[in-house]
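Each chain, written out:
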Amino acid sequence: MPVPTIEWVDGRIRLIDQTLLPNEFKQIYCDDVESVWEAIKSLRVRGAPAIGIAGALGAVLGIWRSAATSYVDFAAELKKITDYLATSRPTAVNLFWALDRIKKTAEKHKALGTTQLKQVLLDEAQQIIEEDREMCRAIGQHGLELLHSGDTILTHCNAGGLATSDYGTALAVMFTAHEAGKNIHVYADETRPLLQGARLTTWELMQAGIDVTLICDNMAAQVMKEGKIQCVIVGADRIAANGDTANKIGTYNVAILAKEHGIPFYVAAPTSTLDFSLENGDLIPIEQRGAAEITEGFGTRTAPEGVKVYSPAFDVTPARLITAIITDGGIVRPPYEMSLKTLASEPSTGVD
Ligand code: MRU
């Protein structure tokens, strides 16, 4: 990214307002926890890892000006802030993971005075950002072996630098292959209704000098049938213990199409996206979005006033449709109940 997706600057949070891209590149500031909540909810900051980072920094921002002098008061205030931020979006587990990590850090250092404790929490949020950066690079390195010169990859939504601290997950694999001199081509689904593929993925790939072609979501089957796609790589918002994977609505369709056409379907995600507390994907909460995003997205009404609308923002791709999951700890393959557990027991963000 030309500038960080999200960062802490002198007691405020600065982030790229992704709702304006690609027409306008603008950084905005959040000065209070309410504006962080709004930025997450309205997708100014979006993508599972970036939402996690926004949650962590948002919790620090919320507690930063606290007048609490005892740990009990401090912890109660922090809980109120994290509970509030947790209501912004339900599907990406990274948000809850990051909020939990901030609370646990406070608990661990409760013997400190509250002024010092605030600094410890900021350091922890910065550590989450740094770890995310390393995880993205490791995902790119691990995924490199899956791509060959001449390959064309289909991706859905945006799992790039904008969706993380930097460099992305699914796009990290493409950036790494491109940097390694592999000649790759990408087809980007536009990703209705909020067009993350059209607005953000093509923008990132073009900036990196990667050859990218935009298609509407409903063109993927035809493009696959024409033999144009060698593999699919997408990101993830939450991966259950059995490998079932929640990602942007429409990902499941793409996985079914890939299976039908004998094309490998890869998920790229950091270990912070794993949720072992959920046995399978049926238990993943699916965010519902407002009707206006479909009926009058980007200002133009495209459906009659008063029409009924259903708008799940995510779907769950069953593990059986996933060829492999590219993580920061390496590539894991089915059966995922076992391989994900093994991965978690051998934590590694590096590349051997
Ligand atoms: O609604 P969004 O734009 O936050 O959805 C984002 C996605 O579905 C991404 O693919 C996912 O979060 C992975 S980001 C590395």
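Refer to the structure above for everything that follows.
On a predicted model such as this, the values are computed, not experimentally measured, just so you know. (Residues numbered from 1 in each chain as written. Predicted model: local features only at pLDDT ≥ 70, side-chain atom pairs only at ≥ 80, totals over all residues. Heavy atoms only, no water.)

### A word on the overall build of the protein
What counts is decided by this rule: Helix and strand definitions here come from DSSP, where helices need a minimum of 4 consecutive H or I residues and strands a minimum of 2 consecutive E residues; each element is numbered from the N-terminal end. Only C-alpha atoms enter the radius of gyration; for comparison, a globular chain is expected to reach 2.2 Å times N to the power 0.38, where N is the number of residues. Exposure classes here rest on a 1.4 Å probe applied to the protein chains alone. A residue is buried below 20% of its type maximum, exposed above 50%, and partly exposed in between. It only takes one pair of heavy atoms within 4.5 Å for two residues to be counted as in contact. Computed with a 1.4 Å probe, the accessible areas rest on the Shrake-Rupley method; for each residue, only the protein chains presented here act as cover. When charges are counted, Lys and Arg are positive and Asp and Glu negative, with His and the chain ends excluded. One atom stands in for each charge, and that atom is NZ of Lys, CZ of Arg, CG of Asp or CD of Glu.
Looking only at helices and strands, the protein features 11 helices and 14 strands. The C-alpha radius of gyration computed for the protein amounts to 20 Å, which stays within 12% of the reference 20 Å derived for 352 residues, consistent with globular compactness. With respect to the three principal axes, the spread of C-alpha positions in the protein is 65 × 55 × 40 Å. When the 352 residues of the protein are sorted by exposure, 56% land in the buried category. Across the protein, every contact between residues at least 6 apart in sequence was considered, and the portion connecting residues at least 24 apart equals 74%. Of the roughly 14700 Å² of accessible surface on the protein, a fraction of 53% belongs to carbon and sulfur atoms. For the protein, the centre of its 32 positive side-chain charges and the centre of its 44 negative side-chain charges are spaced 3 Å apart.

### Comments concerning the pairing of strand S9 (residues 245–248)
Cut-off, in case you're wondering: Being paired, for any two strands, means DSSP has found at least two bridges between them.
In this sheet, S9 lies alongside strand S8 (residues 238–240) in antiparallel orientation, the contact comprising two bridges. Directly across from isoleucine 239, in S9, lies its bridge partner threonine 245. What sits between the antiparallel neighbours S8 and S9 is a turn of four residues, in which glycine 243 has the positive phi angle 95°. Across four bridges, S9 lies against strand S12 (residues 314–317) in antiparallel orientation. In the sheet register, threonine 245 faces S12, and the bridge partner there is threonine 317.

### Considering the site of the ligand
Formally: The nearness test applies per residue and asks whether one of its heavy atoms lies within 4 Å of the molecule or strand. For the purposes of these results, a polar contact is taken to be a pair of N or O atoms within 3.5 Å, where, inside protein, one atom must be able to donate a hydrogen and its partner to accept one; residues adjacent in sequence count only when each atom of the pair is a side-chain atom. Residue classes follow a fixed rule: Ala, Val, Leu, Ile, Met, Phe, Trp, Tyr, Cys and Pro count as nonpolar, while Asp, Glu, Lys and Arg count as charged, and any other residue, Gly among them, counts as polar. Domain delimitation follows an automatic or database domain assignment.
In the vicinity of the ligand, 19 residues are found, and the nearest of them are Arg46, Ala48, Arg89, Asn247 and Lys248. Take arginine 89: an N or O atom from its side chain is 2.7 Å from an oxygen atom of the ligand. In this structure, an oxygen atom belonging to the ligand sits 2.6 Å away from a side-chain N or O atom of asparagine 247. Isolated, the ligand exposes 420 Å² of accessible area, and the fraction of that covered by the protein chains is 100%. Of all elements in the fold, only helix H2 (48–64) and S9 reach the threshold of two or more residues within the shell around the ligand. Of the residues contributing to the shell around the ligand, the split by class is eight nonpolar, seven polar and four charged. Residue contributions to the shell around the ligand reach at least three from each of two domains, namely domain 1 (6–136) and domain 2 (141–345).

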